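Chain by chain, the residues run as shown.
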Amino acid sequence: MAYRIEGLAPEQFAPLFGMSDEALVARNARRAVADGPGYPCRITLEEAEPGEELVLVHHVSNDTATPFRASHAIYVRRADKAGSYADEVPPIFATRTLGLRGFDGEGMLRGALLALPGEADAMIRELLERPEVAEIHAHNAALGCFLARIERN
């Protein structure tokens, strides 16, 4: 089953980088500096480099009028364009255990799988074999935060 994964649009986050720390706090966001792995950017779908500035911000990942509406904190970094992957997983999936949640067109949960490092592609394809699954949301299994949306290609 063919699929695509695209990072979040950078334009929606660009103004955050020009804000003061106080203005970020007023928007429930915080400035951060990567000090090693563990800062996955949801725009580029890559790890931030040590010393790179990011913003930790609240993000609604499943904005539907269902019991499965979801949000969590995510990291974003300055970026000109979103990462885009067709029939392959992005770098931030490689070392993480993922919770893959399959949703129908109305935003209702219709299936879920756990993918250990190296299993994401196979588990994505398995979920997309289910006709009721319109899209998949990938989350860090341990922390629960949203990583990326996976759509049929």
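For the structure, check the block above.
What you are looking at is a predicted structure, and each value in this text was computed from that prediction instead of being measured. (Residues numbered from 1 in each chain as written. Predicted model: local features only at pLDDT ≥ 70, side-chain atom pairs only at ≥ 80, totals over all residues. Heavy atoms only, no water.)

Engineer: Any chance you could explain the overall build of the protein here in plain terms?
Structural biologist: Per the secondary structure count, the protein includes 2 helices and 9 strands. Taken from N to C terminus, the helices and strands of the protein fall in the order β-α-β-β-β-β-β-β-α-β-β. Its C-alpha radius of gyration of 15 Å places the protein within 12% of the 15 Å reference for a compact globule of 153 residues. Counting only C-alpha atoms and orienting by the principal axes, one finds that the protein spans roughly 45 × 35 × 25 Å. For the protein, the residues scored as buried account for 44% of the 153 residues in total. A separation threshold of at least 6 residues defines the contact pool for the protein, and within that pool the share at least 24 residues apart is 61%. Accessible surface for the protein amounts to roughly 7,700 Å². Of this, 52% is attributable to carbon and sulfur atoms. (Helix = DSSP H or I, 4+ residues; strand = E, 2+ residues; numbered from the N terminus. Rg over C-alpha atoms; globule rule 2.2 N^0.38 Å. Buried < 20%, exposed > 50% of the residue type's maximum accessible area, 1.4 Å probe, protein only. Contact = heavy atoms within 4.5 Å. Areas by Shrake-Rupley, 256 points an atom, 1.4 Å probe, with all protein chains shown as cover.)

Engineer: Hey, could you run me through unusual backbone geometry in this one?
Structural biologist: Negative phi values dominate among residues other than glycine, just as trans dominates among peptide bonds. Look at Leu45: it is not a glycine, yet its phi comes out positive at around 65 degrees. For Leu45, a relative accessible area of 0% translates into the label buried.

Engineer: Looking at this structure, how should I read the side chain of His139?
Structural biologist: Counting through the fold element by element, His139 comes out in strand S8 (residues 135–140). Separated by 3.4 Å, the side chains of His139 and Arg101 make a polar contact. Discounting chain neighbours no more than four positions away, the residues touching His139 are Ser61, Thr97, Leu98, Gly99, Arg101, Gly144, Cys145, Phe146 and Leu147. (Polar contact = N/O pair within 3.5 Å; in protein donor to acceptor, adjacent residues only side chain to side chain.)

Engineer: What is the right way to look at the sheet that holds strand S4 (residues 70–77) in this model?
Structural biologist: If you trace the 3 strands from one edge of the open sheet to the other, you get S2-S3-S4, paired in antiparallel fashion. In the strand order of this sheet, the two ends are held by strand S2 (30–33) and S4, each with one partner. For this sheet, the mean angle separating the axes of adjacent strands, direction not counted, is 45 degrees. (Pairing = 2+ DSSP bridges. Axes fitted to C-alpha atoms, helices over the stretch in contact; angles between N-to-C directions.)

Engineer: Whenever I open this one, the pairing of S8 confuses me. Can you help?
Structural biologist: Of all 6 residues in S8, 6 are buried, a share of seventy percent or more. Residues Glu135, His137 and His139 of S8 are buried on one face, and the alternating residues Ile136, Ala138 and Asn140, pointing to the opposite face, are buried as well. Across 6 bridges, strand S6 (residues 98–103) lies against S8 in antiparallel orientation. Paired with Gly102 across the bridge in S8 is Ile136. With 5 bridges connecting them, S8 and strand S9 (residues 146–152) associate as antiparallel partners. In the strand pairing of S9, Glu135 is matched with Glu151. In textbook terms, the turn of a hairpin is the stretch between consecutive antiparallel strands, and for S8 and S9 this stretch comprises 5 residues, one of which, Gly144, has a positive phi near 85 degrees.

Purely geometric numbers; function is a separate question.
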